[in-house]
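Per-entry structural report
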Amino acid sequence: QPISIVVGMRYHSLIWAAIHHIPFVGIGYDKKIQYLCNELDQPYIDIQDPNTTPEFIEESVEKIKKDYNSYQKKLIANTKTQLLRSKEHQCIFS
């Protein structure tokens, strides 16, 4: 069965999800994960926030499930934008 949602704390697991157009919930404690989630318009949960509970994580997954197509469309569009920026930076710094 194909993966439909990724819940991850590791940067490269979320990059993998984005490349494969799989909506995700990022759980983090540093700015790198937060930035990625913000740029790709996917949910971010700060693990150091005292209000973070397993139920809160579950609610984030349920929000994606309820509006899956919207999250996936945003992810596809925003990933494309980020890839174009990456190519621009590659040209500038080459």
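What comes next concerns the included structure. Positions within a chain are numbered from 1, following the residues in the order the chain's sequence is written. Note on the predicted model: pLDDT of at least 70 is required for a residue's local features to be given, and 80 or more for side-chain atom pairs to be given and counted; whole-chain, interface and lining totals, by contrast, use all residues. Processing note: side-chain calculations cover all non-hydrogen atoms of the structure and skip hydrogens and water entirely.

**So, the overall build of the protein**
The following threshold applies: In DSSP terms, a helix is any run of H or I states spanning at least four residues, a strand is any run of E spanning at least two, and both are numbered starting from the N terminus. Burial status follows relative accessibility: with a 1.4 Å probe on protein chains alone, a residue under 20% of its type maximum counts as buried, one over 50% as exposed, and anything between as partly exposed. We call two residues contacting when some pair of their heavy atoms lies within 4.5 Å.
When helices and strands are counted, the protein shows four helices and three strands. Overall, the protein shows an N-to-C arrangement of helices and strands of β-α-β-α-β-α-α. Expressed as lengths along the three principal axes of its C-alpha atoms, the size of the protein is roughly 45 × 30 × 20 Å. Here the protein holds 94 residues, and 30% of them are scored as buried. For the protein, the proportion of contacts with a sequence separation of at least 24, taken over those separated by at least 6, is 36%.

**A word on helix H1 (residues 11-19)**
The condition that has to hold: In this description, one arc is meant: the one made by directions from the helix axis to the C-beta atoms.
The set of residues buried in H1 consists of Leu 14, Ala 17 and Ala 18. In an axial view of H1, the angular spread of the buried residues amounts to 100 degrees, which keeps them on one side of the axis. Exposed side chains of H1 directed beyond 90 degrees from the buried face belong to His 12 and Ile 19. One or two residues past the end of H1 sits His 21, with phi positive at roughly 60 degrees.

**Some remarks on the nonpolar core**
The nonpolar side chains of soluble globular proteins are, as a tendency, buried together. Worth spelling out the cut-off: By nonpolar core we mean a set of buried residues, namely Ala, Val, Leu, Ile, Met, Phe, Trp, Tyr and Cys, connected to one another through side-chain atoms within 4.5 Å.
With eleven residues, the main nonpolar core is built from Val 6, Leu 14, Ala 17, Ala 18, Ile 22, Phe 24, Ile 33, Leu 36, Cys 37, Leu 40 and Leu 75. If one sorts the elements of this core by residue count, helix H2 (residues 31-40) sits on top with four residues. The residues touching Leu 40, leaving out its near neighbours within four places in the chain, are Ala 18, Phe 24, Lys 74, Leu 75, Asn 78, Thr 79 and Gln 82. Counting residues in each nonpolar core, the second largest holds eight residues, with Ile 5, Val 25, Val 61 and Ile 64 among its members.

**Regarding a nonpolar patch on the surface**
In plain terms, the rule: For patch detection, residues must exceed 30% relative accessible area and be free of salt bridges, and they are connected within 9 Å for like charges or within 5 Å for nonpolar side chains (Val, Leu, Ile, Met, Phe, Trp, Tyr). The method behind every accessible area is Shrake-Rupley, applied with a 1.4 Å probe, and residues are considered shielded solely by the protein chains displayed. Whenever a carboxyl oxygen of Asp or Glu lies within 4 Å of a side-chain nitrogen of Lys or Arg, that contact is scored as a salt bridge.
A contiguous nonpolar surface patch, about 290 Å² in accessible area, is contributed by Met 9, Tyr 29 and Ile 47. Within the element layout of this structure, Met 9 appears in the loop between strand S1 (6-8) and H1. The class of Met 9 is partly exposed, set by a relative accessible area of 40%.

**Describing the sheet that holds strand S2 (residues 24-28)**
This is how the line gets drawn: Each pair of strands is called paired provided DSSP finds at least two bridges between the two strands. An axis is simply a line fitted to the C-alpha atoms; with a helix, the fit covers only the stretch in contact. Between two such axes, the angle follows the N-to-C directions and lies from 0 to 180 degrees.
A sheet is described by the order of its strands in space; here three strands give the open sequence S1-S2-S3, paired in parallel fashion. One side of each edge strand has no neighbouring strand; the edge strands of this open sheet are S1 and strand S3 (44-46). In this sheet, adjacent strand axes meet at a mean angle of 15 degrees when their direction is disregarded. Packed on one face of the sheet, H1 meets S1 and S2 and runs near 160 degrees to S1. Strands in contact with helix H3 (residues 54-66) are S1, S2 and S3; relative to S2, the strand with the most contacts, it is inclined by about 155 degrees.

Scope: geometric values only; no functional claims are made or implied.
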